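Residue-level structural notes
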Amino acid sequence: VFDAMVGAGVAPNKFSWGTLMDAYADESNEAGCLRVLDRMGVDGTPLDSIIVATYLKCLGTLRLPAQAEEFLTWPLIAPFAHDPSVLQALARTYALASKRVSNLERFETVVAENSQCTLWLAVALHRSGDSDEALLWVEKCQAPSLALLSIKCSISSKIGHTLFESSIQEFFEAIDP
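Procedures and definitions
Residues numbered from 1 in each chain as written. Predicted model: local features only at pLDDT ≥ 70, side-chain atom pairs only at ≥ 80, totals over all residues. Heavy atoms only, no water. Phe/Tyr/Trp six-rings, centres within 6.5 Å; stacked < 30°, edge-to-face > 60°. Helix = DSSP H or I, 4+ residues; strand = E, 2+ residues; numbered from the N terminus. Buried < 20%, exposed > 50% of the residue type's maximum accessible area, 1.4 Å probe, protein only. Salt bridge = Lys/Arg side-chain N within 4 Å of Asp/Glu carboxyl O. Axes fitted to C-alpha atoms, helices over the stretch in contact; angles between N-to-C directions. Parallel < 35°, antiparallel > 145°, perpendicular 65-115°, else oblique. Contact = heavy atoms within 4.5 Å. Nonpolar A, V, L, I, M, F, W, Y, C, P; charged D, E, K, R; others polar. Patch = residues over 30% accessible without salt bridge, like charges linked within 9 Å, V, L, I, M, F, W, Y side chains within 5 Å. Areas by Shrake-Rupley, 256 points an atom, 1.4 Å probe, with all protein chains shown as cover. Left-handed = near helix turned anticlockwise from the far one by under 90°. Disulfide = S-S within 2.5 Å.

Moving on, we get to the packing of aromatic side chains. Counted under the stated rule, the structure contains 3 aromatic pairs. An angle of 55 degrees between the planes, with centres 4.4 Å apart, marks the rings of tyrosine 55 and phenylalanine 71 as tilted. Placement of the pair is tyrosine 55 in helix α4 (residues 49-61) and phenylalanine 71 in helix α5 (residues 65-71), with a sequence separation of 16 residues. Ring geometry for phenylalanine 171 and phenylalanine 172: centres 5.6 Å apart, planes at 70 degrees, overall edge-to-face. Phenylalanine 171 gets classed as buried once you look at its relative accessible area, which sits at 17%. Residue class for phenylalanine 172 comes out partly exposed when judged on its relative accessible area of 48%. Among the aromatic residues, ring-to-ring pairing joins Tyr55, Phe71 and Trp74 into one connected group.

If you want it as structure tokens, here you go:
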């Protein structure tokens, strides 16, 4: 695929490599994603948070949160570990694996403004059996999306009637202010 790209006149850059990696990630092809990372290194193409998040997307689909955590410790990857798009992809990895998120504190800086990251974090916590903690994190989001409010309603319905009532009211207020 790499040689075909170059043969077709596609100059390797972070966008072409990212597109190729995304295709591999969509197919849960971790080996393909790693080959892209290797080739980017060989070509001298700098990494960015989107490339890192795309690899985490692949690990999420494969339900490998421990491997995602290890990946974030690699020397070339570690500088991106606190980027909002990377944290969102990491939270998604945990949610798809139904595993308890480790080191919740690192999400503190992004959940207030990143509704999608908060959604994945809440789903991961809820699926791992900690619905109360999931709702606490949902409350930290200052601008919750309808999807996040929907998740809040779903989790609340499993915890208690009065909490569900207030969550559903908040959801409908967001729809029709």
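Before going further, it helps to examine the pattern of salt bridges. Scanning the model with the defined rule gives 8 salt bridges in all. In this structure, the salt-bridge partner of lysine 14 is aspartate 48, at a minimum N-O distance of 3.7 Å. Here aspartate 48 lies in the loop between α3 (30-43) and α4 and lysine 14 lies in helix α2 (residues 14-26), a separation of 34 residues in the sequence. Across the pair aspartate 22 and lysine 57 runs a salt bridge whose closest N-O atoms are separated by 2.8 Å. In this pair, aspartate 22 sits in helix α2 while lysine 57 sits in helix α4, placing the two residues 35 residues apart along the sequence. It is possible to trace a salt-bridge network through shared partners that takes in Asp22, Asp26 and Lys57.

Right, let's talk about the packing of α4 against helix α6 (residues 84-97) for a bit. Between α4 and α6, the least distance of the axes is 8 Å, while the angle of their chain directions is 0 degrees. Relative to α6, the element α4 is oriented roughly parallel. Together, Ser49, Ile50, Val52, Ala53, Leu56, Lys57, Leu59, Gly60 and Thr61 of α4 and Ser85, Val86, Ala89, Leu90, Arg92, Thr93 and Leu96 of α6 make up the contact between the two elements. Its residues assigned to classes, the contact of α4 with α6 comprises 9 nonpolar, 5 polar and 2 charged.

Moving on: the environment of valine 111. Residue position: valine 111 is located in helix α7 (residues 108-111). Separated by 81 residues in sequence, valine 111 and glutamate 30 have C-alpha atoms that sit 28 Å apart. Those residues within four positions of valine 111 in sequence are excluded, and the remaining contacts are Thr118, Leu121, Trp137, Lys140 and Cys141.

Before going further, it helps to spend a moment on a nonpolar patch on the surface. A grouping of Leu146, Phe172 and Ile175 is seen on the molecular surface, where their side chains present a nonpolar patch of about 290 Å² in accessible area. Relative to the helices and strands, phenylalanine 172 resides in helix α11 (residues 161-175).

A separate point is the packing of α2 against α3. The N-to-C vectors of α2 and α3 enclose an angle of 165 degrees; their axes lie 8 Å apart at closest approach. As far as their axial angle goes, α3 and α2 are roughly antiparallel. Seen along the crossing, α2 lies across α3 with a hand that is left-handed. Along its contact with α2, which presents Trp17, Leu20, Met21, Tyr24 and Ala25, the element α3 presents Gly32, Cys33, Arg35, Val36, Leu37, Arg39, Met40 and Asp43. Its residues assigned to classes, the contact of α2 with α3 shows 9 nonpolar, 1 polar and 3 charged.

Taken as a whole and judged by the stated rule, the model has 0 disulfides. A disulfide-free cysteine, cysteine 141 has its sulfur positioned 9.4 Å from the sulfur of cysteine 117, the nearest such atom. Judged by its relative accessible area of 6%, cysteine 141 is buried. Its sulfur unpaired, cysteine 153 is 14 Å from the next cysteine sulfur, which belongs to cysteine 141.

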